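Coordinate inspection notes
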Amino acid sequence: MSKNDLPDQPQGEWGKSKSHATATCVNVTGGTQPDCVSTTVPLTAITGPVTVKIPVVLAELTVQVNMDSMITLPEPALEIKRIKKRLKVTQCLLLQDTNVLFLKGFVRKNIEYATRGCSNLEGVCGDIRHCTVDVPFSCSTPITFNGATPATLSLNTRDEFEFFRRQDLSDREFAEKDFLLSGDFSEFNQVSQEFFNELPFCELISARIVEFDELINRVRPHHANLPFEEREFRQVEEKMVLFITLKILQNQQVTIPSQD
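Residues numbered from 1 in each chain as written. Predicted model: local features only at pLDDT ≥ 70, side-chain atom pairs only at ≥ 80, totals over all residues. Heavy atoms only, no water.

Identification of the protein as DUF3794 domain-containing protein from Desulforamulus putei DSM 12395 is taken from an unreviewed UniProt entry.

Here it is, written out as structure tokens:
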């Protein structure tokens, strides 16, 4: 079939090619105006005493974590330009029926440092590079419940019971009037109950990090022209003290009295 034998294409907007129709399908102008009008609506509150389930503060505390670590850079560096730190907590667990809090996490450190590309006795030129590391920590600490007390644990129970059974004695050693009176060993009966207690959880309030970084084994490269005070290193020994302020909460049922 030749091109001239093809059927005629429909005319009008619907007869346009798909790509052309898509390009001119819709056009939106205008948008949000700078000023909006709002009207205050009266709040509807529940009257009378009500019982709600809300997070209750058990304790608020500041935990001090002491850290000492060694970081080895992937290449020689001349100096540290900047270090950015972020605290990340991966575990904050209050062991139930005790006052011991377990903490685990890491400090994410982004280290920017200067490298040597070319140098002479008058100066050094190079690149600014970075290395991101996670410095882990793990500790436990006793706490004081300066808020509400944790809810009493409800313990799971499993109780067995049995039924009385009277059986004939077929052995010749027993008289015909004798019977076996006991529990029924041919069955097993149990009543079990389980409770789903609310697990306390943590919220981070703030973190303060005091840090001391020392450059280890600073050496002058062999056969390199450098200003007299310049040295290169790869290892950084860091000492950090973390002050982590957090809240320990637990969902509990609380009665809110009516307000006259």
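**Re a positive patch on the surface**
Rules: Without a salt bridge and with relative accessible area above 30%, a residue can belong to a patch; like charges are then joined within 9 Å and nonpolar side chains (Val, Leu, Ile, Met, Phe, Trp, Tyr) within 5 Å. Residue burial considers only the protein chains on display, and all accessible areas are found by Shrake-Rupley using a 1.4 Å probe. We count a salt bridge whenever a side-chain nitrogen from Lys or Arg sits within 4 Å of a carboxyl oxygen from Asp or Glu. The charge count treats Lys and Arg as positive and Asp and Glu as negative. His and the chain ends do not count. Each charge is placed at NZ for Lys, CZ for Arg, CG for Asp and CD for Glu. Helix and strand assignments come from DSSP, with helices taken as H or I runs of at least 4 residues and strands as E runs of at least 2, each series counted from the N terminus.
The grouping of Lys84, Arg86, Lys88 and Arg108 at the surface amounts to a positive patch. Top element by residues in the positive patch is strand 2 (residues 79–94). It accounts for three residues. Along the chain, lysine 88 falls in strand 2.

**Examining the state of the cysteines**
Rules: Note that a disulfide, as used here, is simply two cysteine sulfur atoms within 2.5 Å. Whether a residue is buried, partly exposed or exposed follows from its accessible area with a 1.4 Å probe, protein chains only, as a fraction of its type maximum: under 20%, in between, or over 50%, in that order.
Summed over all chains, the structure comprises one disulfide. With a sulfur-sulfur separation of 2.0 Å, cysteine 92 is cross-linked through a disulfide to cysteine 202. The sign of the -70° torsion about the S-S bond sets the cysteine 92-cysteine 202 disulfide as left-handed. Of this pair, cysteine 92 sits in strand 2 while cysteine 202 sits in strand 11 (residues 201–216); the two residues are 110 residues apart in sequence, bridging distant segments of the chain. Cysteine cysteine 125 shares no disulfide, and the gap to the nearest cysteine sulfur, in cysteine 118, comes to 4.4 Å. Look at cysteine 125 and you get partly exposed, because its relative accessible area is 48%.

**Examining the packing of aromatic side chains**
Just so we agree on the cut-off: Pairing of aromatic rings covers Phe, Tyr and Trp, the last through its six-membered ring, and needs centres within 6.5 Å; plane angles under 30 degrees mean stacked, over 60 mean edge-to-face, and all others mean tilted.
Summed over the entire model, instances satisfying the criterion amount to one aromatic pair. Taken together, a centroid distance of 5.8 Å and an interplanar angle of 85° make the contact between phenylalanine 161 and phenylalanine 163 edge-to-face. Here phenylalanine 161 falls in the partly exposed class, since its relative accessible area comes to 39%.

**Considerations on the sheet that holds strand 3 (residues 100–114)**
Keep this limit in mind: Two strands pair if DSSP finds at least two bridges between them. Comment: axis = line fitted to C-alpha atoms, over the contacting stretch for helices; angle = value between 0 and 180 degrees taken between N-to-C directions.
Strand order in the open sheet formed by three strands is 2-3-6, and the pairing between neighbours is antiparallel. The two strands at the open ends of the sheet, each matched to only one other strand, are strand 2 and strand 6 (128–142). For this sheet, the mean angle separating the axes of adjacent strands, direction not counted, is 15°. With 15 bridges connecting them, strand 3 and strand 6 associate as antiparallel partners. Opposite glutamate 112, over in strand 6, you have histidine 130 as the bridge partner.

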